[in-house]
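# Per-entry structural report
This is what each chain is made of:
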Amino acid sequence: MEHAEILHRCFRCGYCKLPGSYQDLNCPSYLQYRFETYSPGGRMWLLRAWLDEEIPTSARLQEILFSCTACGNCVEHCVFPKFKADVLNAITAGRGELVNEGSVPRRVSDFFKAIHLYGNPYKLPEADRGAWAKGLGLEPYRGQEYLFFAGCAGSYDERGRKMARAVAGLLQDRGVSFGILGALERCDGNEVRAMGEAGLFEEIARHNIAKFLDAGVVKIITLSPHAYHAIRNYYPRFNGIFQVLHYSQVLARMMSKGKDQGADTPLTVTFHDPCYLGRHNQDYLTPRMVLAALPGVELAEMDRARVDALCCGGGGGNFFTDLLGSGPDSSSRVRVREAAATGAQVLAVACPKCAKMLEDAVKAEALESALRVMDLAELVQARSV
Ligand code: SF4
Ligand code: SF4
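The notes below deal with the structure included here. What you are looking at is a predicted structure, and each value in this text was computed from that prediction instead of being measured.

Definitions and cut-offs
Residues numbered from 1 in each chain as written. Chains lettered and ligands numbered in written order. Predicted model: local features only at pLDDT ≥ 70, side-chain atom pairs only at ≥ 80, totals over all residues. Near = placed C-beta within 6 Å. Helix = DSSP H or I, 4+ residues; strand = E, 2+ residues; numbered from the N terminus. Nonpolar A, V, L, I, M, F, W, Y, C, P; charged D, E, K, R; others polar. Core = buried A, V, L, I, M, F, W, Y, C linked by C-beta atoms within 7 Å. Buried ≥ 20, exposed ≤ 12 C-beta atoms within 10 Å, placed from the backbone. Contact = placed C-beta atoms within 7 Å. Axes fitted to C-alpha atoms, helices over the stretch in contact; angles between N-to-C directions. Parallel < 35°, antiparallel > 145°, perpendicular 65-115°, else oblique. Left-handed = near helix turned anticlockwise from the far one by under 90°. Pairing = 2+ DSSP bridges. Right-handed = clockwise from strand over helix to strand, strands pointing away.

Taken together, 15 residues are adjacent to ligand 1, and Cys10, Cys13, Cys16, Gly41 and Cys78 come closest. Tallying contributions element by element places helix α3 (residues 40–51) first for the shell around ligand 1, with three residues. Of the residues contributing to the shell around ligand 1, the split by class is 12 nonpolar, two polar and one charged.

By nearness alone, 14 residues border ligand 2, and Cys27, Pro40, Cys68, Cys71 and Cys74 come closest of all. Put simply, the parts of the chain that give the shell around ligand 2 at least two residues each are α2 (28–33), α3, α5 (73–77) and α6 (87–101). Across the shell around ligand 2, the residue classes tally to nine nonpolar, four polar and one charged.

Glancing now at the nonpolar core. Within the largest apolar cluster, 116 residues are counted, with the highest numbers of intra-cluster contacts made by Val167, Leu347, Ala348 and Leu358. Top contributing element to this core by residue count: helix α9 (residues 158–173), with seven residues. In contact with Leu347, not counting residues within four places along its chain, are Thr270, His272, Val336, Ala339, Leu358, Leu371 and Val373.

Taking burial as the measure, the 11 residues of helix α16 (residues 331–341) include eight buried ones, the bulk of the element. All buried positions along α16 are accounted for by Ser331, Ser332, Arg333, Val334, Arg335, Val336, Glu338 and Ala339. For α16, the secondary structure elements touched by its buried residues are α2, β5 (267–271), β7 (346–349) and α17 (352–364). Just past α16, the residue Gly343 takes up positive phi, approximately 85°.

Direction vectors running N to C along helix α13 (residues 247–254) and helix α14 (residues 285–292) enclose 40°, while the axes themselves pass 9 Å from each other. Overall, the two elements α13 and α14 adopt an arrangement that is oblique. The handedness of the crossing between α13 and α14 is left-handed. Contacts from Ser248, Gln249, Leu251 and Ala252 in α13 reach Thr286, Pro287, Met289 and Val290 in α14. Among the residues forming the contact of α13 with α14, the class breakdown is five nonpolar, three polar and no charged.

The alternating pattern of β7 places Val346 and Ala348 and Leu347 and Val349 on opposite faces, both of which are buried. Alignment of β7 against strand β8 (residues 372–375), held across four bridges, turns out to be parallel. Within β8, the position partnered with Val346 by the bridge is Arg372. Between the parallel elements β7 and β8, the chain passes through α17 in a crossover that is right-handed.

Moving on to the sheet that holds strand β2 (residues 178–179). The strand order across the open sheet built from four strands is β2-β1-β3-β4, with neighbouring strands paired in parallel fashion. Only two strands of the sheet have a single partner each, and these edge strands are β2 and β4 (243–246). Pairing geometry for strand β1 (residues 146–149) and β2, over two bridges, is parallel. Considered in β2, the bridge of Tyr146 is made with Phe178. Sitting on the sheet, α13 is in contact with β3 (219–222) and β4, with an inclination near 80° to β4.

As a further point, take the environment of Ala350. Structurally, Ala350 can be placed in the loop between β7 and α17. Each C-alpha atom of the pair Ala350 and Thr286 lies 11 Å from the other, and the pair is 64 residues apart in sequence. Setting aside chain neighbours within four positions, we find Ala350 in contact with Pro225, Ser248, Pro274, Leu277, Pro287, Asp375 and Leu376.

Here it is as structure tokens:
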């Protein structure tokens, strides 16, 4: 197994499941189950025992490995500089071994099957992929400066579609030259990759790269940080080299000339860093620049922000498989309680998966009257003239 050597070097000190302050639990699966094998170091020891044939390939082993949300907290906080960068890679490689053996939880195999058959995890027709844009008057991509890549959540999920429409509407209003691929787009594959299905990821990446190159795409704006991560960091392995921007980075450029015009009634906002923009790509500043440009908006940071942000629990395929499970200790519910404790009226997000996970958690915590989940583009629209 790739990265197997580091399984022997981890001595399970446990720093990787904490934030920098050591005062909370920051590995979503450990937070949920409070059992060592659900921590990053625990997973490494479990994998070692499994590779040494000390334990069988049980259903429990599969669930433990696939409940990791790939949030990257362990990579950030492992105390061993020599191998910390590969802690999550080792877990992903372990999942890959299970995939190769055909020993994965049913929900995981169903997810792969849906992507394979439909090109999306929702099992909806590819022909409907552009339906989110209906009535907006968007143009198909034909050589405009940017391709706007909506991704699966932006194309099929009700919350994600709302967000995709807000982003596209803003880009239109601000005169950005862009088009969409609609039915020609396919799942970005980031979750497939994070779940260890390297072959299916390569197939998806090559499909998208061919469509992008056929259309003459050079620059891409993604709705989702997950797509941003996959296209920016993994498509180049298959000769798909594009200039990739997350939409928040485009918004920040549009608003960089000072405070935006519009409503200036005071509004306290807290920001939830998406793992694939923050920890995986080290962009903590851009979304805060967008918020700083909005008149009347005051940022109230949560205790766990930037490198210490608690994942919403939707990464690593869990948004679709829900192997992490729900309940008061699920990271999405812990996160919205933390957001409410800042006194903010709005919990700002920059990812369609975070938007859905945290909005559901606000309802589960009965916080609807105190806290509203808004995507950055929705906030900009609401505060603009
Ligand atoms: S991954 Fe690093 S921080 Fe975590 S238990 Fe192992 S050595 Fe310790
Ligand atoms: S990536 Fe996140 S969920 Fe997975 S083991 Fe590391 S800290 Fe836990």
